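Here are the chains, one letter per residue:
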Amino acid sequence: MLYVKAPAKINLTLDVLYKRPDHYHEVEMIMTTVDLADRIGLESRADGLIKIVSTDNFVPDDQRNFAYQAAELLKNTYGITEGVTITIEKQIPIAAGLAGGSSDAAATLRGLNELWELNLTLDELAEHGAKIGSDVSFCVYGGTALATGRGEKIMELPAPPTSWVLLAKPKIGVSTADVYGGLKIDGLEHPNTKQMITAIENNNYDLMCKSLGNVLETVTFKLHPEVVMIKEQMHRFGADAVLMSGSGPTVFGLVENEARVSRIYNGLRGFCEEVYVVRMLGERNPLA
Ligand SMILES: C[C@](O)(CO)[C@H](O)COP(=O)(O)OP(=O)(O)OC[C@H]1O[C@@H](n2ccc(N)nc2=O)[C@H](O)[C@@H]1O
Ligand SMILES: Nc1ncnc2c1ncn2[C@@H]1O[C@H](COP(=O)(O)OP(=O)(O)OP(=O)(O)O)[C@@H](O)[C@H]1O
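All values reported here derive from a predicted model rather than from experimental measurement. (Residues numbered from 1 in each chain as written. Chains lettered and ligands numbered in written order. Predicted model: local features only at pLDDT ≥ 70, side-chain atom pairs only at ≥ 80, totals over all residues.)

Looking at this structure, I do not really get the domain arrangement of the protein chain. What am I missing?
Often, the extent of an interface is quoted as the loss of accessible area upon association of its parts. Segmentation of the protein chain into domains returns domain 1 (2-157) and domain 2 (164-279). Measuring from the centre of the C-alpha atoms in domain 1 to the corresponding centre in domain 2 gives 23 Å. Between domain 1 and domain 2, the residue contacts involve 25 residues of the former and 32 residues of the latter. Mapped onto the side of domain 1 that touches domain 2, the elements with two or more residues apiece are β1 (2-19), β2 (25-45) and β5 (144-148). No other element matches the 9 residues that β1 contributes to the side of domain 1 that touches domain 2. A class-by-class count of the residues in the side of domain 1 that touches domain 2 yields 16 nonpolar, 5 polar and 4 charged. (Domains from an automatic or database assignment. Contact = placed C-beta atoms within 7 Å. Helix = DSSP H or I, 4+ residues; strand = E, 2+ residues; numbered from the N terminus. Nonpolar A, V, L, I, M, F, W, Y, C, P; charged D, E, K, R; others polar.)

This is how it looks when you write it as C-alpha cells:
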C-alpha cells in the first residue's frame, strides 16, 4: 500500500474580479496548506476497477468522489489496465472550505503517478487536476501560492510568517456553488492581494494579519449567522486576525503567541465541537 498525505488549505485572501461567460468567477487568491490532512492509501488491483473505501460515511464511494475522478482520468488518459483501491482516512471536515475533496484528488494524482510509473511532473498533474475542480491544481503543489483564473493558475510564493492557526468549523456544510451564486460583485470591499504578497515575501506577520480578506464572507455570513458569531468569539478570545476560509463555514484565526493558543482553543470548544490547532506547512508537497 502506498500512502500519500492530503493536507487542507486555507485562503489568506480570496478576491473575485468578475463573473465569466463560462459561469465561473475570475478569482485572485492566496492559499496555503496546513498540517490537518487526510491520508490516502493506494493499492493496485488486477480487475481494473476503481474502488473507494473510507472511514467516513459521508464520503461518496463512487464516481462522485474526487479521488475516484482523479484515478479514472489517469487510467483513461494513459490507458492503464490495472485498477486501484483508494482508502481515504478522513481528518479534514467535509464541505468546510478547507478543500478536503480537492486535496484527496490531488494526493491520488501524485500517488498514482508513482504507483503506475507515469513519470508526470507536478505541472502536468496540476493540469489534470484542473479538470476535476478549481482547487485541485493548487492542492497538487501545496505550499503557498497565488491562484488566479478560476483558481487553476498557480504562482508559487515563499512560506508565510510562522504562526499558530486555529480552525473552527460550525456544524453546517456550505455549497461552494451557492456561495458564488449569491455573490454581488458591485460594491465589494476587495482584499489587498499585493499587500499580502509583500507581507509573505518580507516575512511580516503584522502586515499578513492586516491583509487577510475574503469577499465570499459577505454571502456566507448572510446564509449562516453562526459563522459571524464564531469569528467574533475568536477575536474576543485573543486571535491576532480572523477570517473565513474559502466559501466557509470554517473560520481560522492566526495566533503568534503560543501561550494564548490553548486559551483560545478552550474558549472556542465551549460552543464549537470541531476546533483544530494547526501550523502552516510552508513547504510544497513532495511528488509522492
Ligand atoms: C472557494 C474556493 O474553495 C476557494 O479556494 C474555490 O474557489 C472553489 O473551488 P472548488 O470547490 O474546487 O470549485 P469547483 O468544484 O471548481 O466549482 C464548484 C462551483 O463553484 C463555482 N465557482 C468555483 C470556482 C470559481 N472560480 N468560480 C465559481 O463560480 C461554480 O459555480 C462551480 O460550479
Ligand atoms: N474525497 C472526498 N472527500 C470529501 N468530500 C468529497 C470527496 N469527493 C467528493 N466529495 C464531495 O464534495 C463536496 C464538497 O466537499 P469538500 O470537503 O471537498 O468541500 P470544501 O472543503 O468546501 O471544498 P472547497 O474548499 O474546495 O470548496 C461534498 O459534498 C462531497 O460529497
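Any chance you could explain the site of ligand 1 here in plain terms?
In the vicinity of ligand 1 lie 18 residues, with G133, S134, D135, R150 and Y180 positioned nearest. Mapped onto the shell around ligand 1, the elements with two or more residues apiece are β1, β2 and α5 (176-181). Residues of the shell around ligand 1, tallied by class, amount to 7 nonpolar, 9 polar and 2 charged. A domain-level breakdown of the shell around ligand 1 finds at least three residues from each of domain 1 (2-157) and domain 2 (164-279). (Near = placed C-beta within 6 Å.)

What am I meant to see in the pairing of strand β4 (residues 83-89) here?
For a regular strand, side-chain orientation follows a simple rule: the groups alternate between the two sheet faces. The two faces of β4 differ: V84, I86 and I88 on one face are buried, but G83, T85, T87 and E89 on the other face are not. By the bridge criterion, 7 bridges tie β2 to β4 in an arrangement that is antiparallel. Bridging from a neighbouring strand, R39 pairs with E89 of β4. With 5 bridges connecting them, strand β3 (residues 50-54) and β4 associate as parallel partners. The partner of K51 across the bridge, within β4, is T85. (Buried ≥ 20, exposed ≤ 12 C-beta atoms within 10 Å, placed from the backbone. Pairing = 2+ DSSP bridges.)

Which parts of the structure should I look at to understand the site of ligand 2?
In the vicinity of ligand 2 there are 21 residues, among which A99, G100, G101, D104 and G246 approach most closely. Contributions of two or more residues to the shell around ligand 2 are made by α1 (66-77) and α2 (100-115). It is α2 that contributes the most residues to the shell around ligand 2, 4 residues altogether. When the residues that make up the shell around ligand 2 are grouped by side-chain class, the tally is 10 nonpolar, 8 polar and 3 charged. When residues of the shell around ligand 2 are assigned to domains, at least three fall in each of domain 1 (2-157) and domain 2 (164-279).

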